[in-house]
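# Understanding the architecture of this molecule
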Amino acid sequence: MSEPIIHDLREFLAVLRREKEVITIAEPVDPYLEIAEIHRRVIAQGGPALLFTKVKGSDFPVVTNLFGTARRMELAFGRRPLRFVAELVETVETMLPPSLGKFWARRDLFRQAAGIGLKRVRRAPILENCQSPPRLNDLPLLTSWHSDGGPFVTLPLVYTEDPNGRGHNLGMYRIQRFDDTTTGIHWQIHKGGGYHYHEAEKRNESLPLTLYIGGPPALMLAAIAPLPENIPELLLASLLLGKKLPLATDPRGGHPLVATAEFAAKGVVPPHLRRPEGPFGDHYGYNSLTHDYPVFQVERLYHRRDAIYPATVVGRPRQEDFYIGDFLQELLSPLFPLVMSGVRQLKTFGEAGFHCLAAARVTDRYPREAFASGLRILGEGQLSLTKFLIVTDGDLDVADFPALWQHVLERVNWRTDLFVFANVSQDTLDYTGPSVNSGSKAMLMGLGREAKRILPEEFRAQLPRDCTAARAYLPGTLVIEGAAYDRDRELPARLAAEPALADWPVVVLVDDLAAACANLQEFIWSFFTRFEPAADIHAAGSGAVRRFHLGLEPPVVFDCRMKPWYPPVLEVDPATRKLVDEKMGRILPGY
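Residues numbered from 1 in each chain as written. Predicted model: local features only at pLDDT ≥ 70, side-chain atom pairs only at ≥ 80, totals over all residues. Heavy atoms only, no water.

As a further point, take the packing of helix α1 (residues 9–18) against helix α3 (residues 70–77). Here α1 crosses α3 at 130 degrees, and the two axes come no closer than 10 Å. As summarised for this structure, α1 and α3 are arranged oblique, according to the angle between their axes. As α1 runs across α3, the sense of the crossing is right-handed. Counting all contacts with α1, which are made through Phe12, Val15 and Leu16, the residues of α3 involved are Arg72, Leu75 and Ala76. A per-class count over the contact of α1 with α3 returns five nonpolar, no polar and one charged. (Axes fitted to C-alpha atoms, helices over the stretch in contact; angles between N-to-C directions. Helix = DSSP H or I, 4+ residues; strand = E, 2+ residues; numbered from the N terminus. Parallel < 35°, antiparallel > 145°, perpendicular 65-115°, else oblique. Left-handed = near helix turned anticlockwise from the far one by under 90°. Contact = heavy atoms within 4.5 Å. Nonpolar A, V, L, I, M, F, W, Y, C, P; charged D, E, K, R; others polar.)

Here you go:
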């Protein structure tokens with residue numbers, strides 16, 4: 001049975017209503033802090049999508065939590081795109097040498113491929129209304145955290161074209177509204193839209209930009225997907241949609257418009273113009289700080305009749321991006337062996353904001369081949385922003401972090417198998433490094449069939465000085481609560497030299513043991529978002545440099561305490577908590 005094609009946001013909402021996966025909230029709500037807090041409480045319990053029909057200050061309804069469970073991701077996209085990509089990879093692998101019989105055997109696949117692409121249409125819902133000059137303040141943009149610098153588009157679909165004519169980019173780069181006609185545009189390093197702007201700025205030219213909000217779920221997912229630069233996102237949107245993506249010619253000029261988007265803002269990003277943008281509560285769970293970014297000058301705002309404004313809430317994992325990221329990894333995983341030879345499985349962990357932690361299962365057919373595979377991963381697109389990469393050739397599912405971590409700790413040779421690359425670029429939102437966009441990354445390998453050691457699972461020794469609690473959270477991993485960083489910077493080095501800890505391969509030093517060990521989600525988040533490899537890894541005997549490699553002796557101590565320069569952890573302000581406390585029982589009983 002063929003799966004239905006969801007052409008736009010309205011059809012997706014109809015599916016969610018049929019499946020009882022959306023709740024309509026008719027009580028007046030405020031896009032300033034209130035909607036976001038309601039959303040957070042619902043997604044924390046695995047609840048439904050939320051359609052707010054009376055939003056203060058705007059005539060447009062707001063829908064959030066569209067993709068906040070694995071089931072809703074399945075309803076949005078089905079299994080057809082997953083099957084198509086898997087069959088496509090299998091075809092590439094088996095078609096050589098080509099033959100008529102092989103082509104005939106795959107005729108259904110080629111028929112599907114022929115239906116993917118772009119098509120021009122004369123009539124388009126997006127052209128039903130046009131504001132010029134635009135009134136961006138009419139849109140119900142959310143302010144999610146009291147510390148945010150203002151209202152943001154939280155599901156922005158930013159379309160640009162390469163000034164050199166080398167294709168387009170559709171990316172999700174955050175947009176802060178400044179006024180009716182201007183916004184910030186947060187182009188980070190290693191982002192396709194940022195490359196386009198860089199090229200335009202070199203020519204001293206403005207870069208045309210179209211900001212979409214809403215549309216088919218396929219368009220939203222394509223904007224998030226970490227595709228290589230030369231693969232067009234609109235083509236992926238068509239693949240996910242299951243048909244050609246309709247584009248309409250704009251009678252006023254400029255980029256053609258995705259016909260079924262809910263909103264489209266068109267304008268330019270001038271060269272050499274910057275304005276402070278932020279702060280903003282980001283997907284790492286911290287408050288990213290204010291920095292200068294380019295400015296989007298909006299000239300026209302289009303929207304459908306009775307347009308619906310889709311939004312999400314960004315914050316401490318797990319949020320909607322966790323489920324989107326998991327689906328994208330499942331979709332793209334068959335491509336990894338083709339793009340990166342030797343990589344059999346790859347997982348980036350949404351629990352740590354994706355870029356902070358990744359793991360790979362690779363082949364190791366000759367000595368240290370695994371290292372070459374690790375370098376391929378760290379050199380591939382957005383994967384190059386990975387801060388900590390775990391590599392193994394073991395026969396296990398690397399998405400199972402406890403099993404992976406135990407397997408690697410049983411096999412790692414600390415003298416040779418931990419590589420730290422200092423003085424490299426780091427994700428813009430990761431503030432653990434010495435400055436924005438700068439830091440380090442590490443690769444940890446655990447190879448071979450046989451375990452080298454039996455891991456301790458219980459701590460019976462006396463607590464080291466300046467430590468208040470300890471717990472063996474995973475085999476071989478001791479979590480210790482110690483004095484704050486600004487009170488005792490030398491504590492990690494003392495722990496590394498502590499004889500009572502010599503049997504532990506890894507010690508994780510934290511500020512709050514109970515919080516860090518509350519569950520696996522909190523452990524991964526507290527561990528991997530709060531250290532920088534070049535600055536915060538300590539070990540016994542770490543001064544032994546052999547063949548230009550720093551060999552370590554356990555215990556290897558990861559200092560995961562909050563540092564003075566880290567931005568604060570995102571927390572709901574008391575006033576918003578109280579406001580929503582008073583309403584939740586009435587508008588959403590059970591949440």
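Attention now moves to the sheet that holds strand β12 (residues 245–248). Taking strand neighbours across the sheet as the criterion, the three strands line up as β4-β12-β13 in an open arrangement whose pairing is mixed. The open sheet has two edge strands, β4 (118–121) and β13 (257–258), and neither has a second partner. The pairing of β12 with β13 spans two bridges and is classified as antiparallel. Paired with Ala248 across the bridge in β13 is Leu257. (Pairing = 2+ DSSP bridges.)

Our focus in this paragraph is the pairing of strand β25 (residues 467–474). Two elements, β25 and strand β26 (residues 477–482), share six bridges in a ladder whose sense is antiparallel. Each residue of the ladder has a partner; that of Arg471, found in β26, is Val479. The antiparallel hairpin formed by β25 and β26 contains two residues in its connecting segment, where Gly476 sits at a positive phi of about 80 degrees.

Glancing now at the pattern of salt bridges. Within the structure shown, the criterion is met by 38 salt bridges. Between Glu19 and Arg71 there is a salt bridge whose closest N-O contact spans 2.7 Å. With Glu19 in the loop between α1 and β1 (22–25) and Arg71 in helix α3, the pair connects residues that are 52 residues apart, well separated along the chain. A salt bridge links Asp536 to Lys563, with the shortest nitrogen-to-oxygen separation between them at 3.7 Å. Remark: Lys563 occurs in the loop between β29 (549–559) and α18 (574–587) and Asp536 occurs in helix α17 (residues 533–536); sequence separation between them is 27 residues. Across the pair, exposure class does not vary: Asp536 and Lys563 are buried alike. Salt bridges sharing common partners tie together Arg18, Glu19, Glu21, Arg71 and Arg72. (Salt bridge = Lys/Arg side-chain N within 4 Å of Asp/Glu carboxyl O. Buried < 20%, exposed > 50% of the residue type's maximum accessible area, 1.4 Å probe, protein only.)

Any functional reading would require information beyond the geometric quantities listed.
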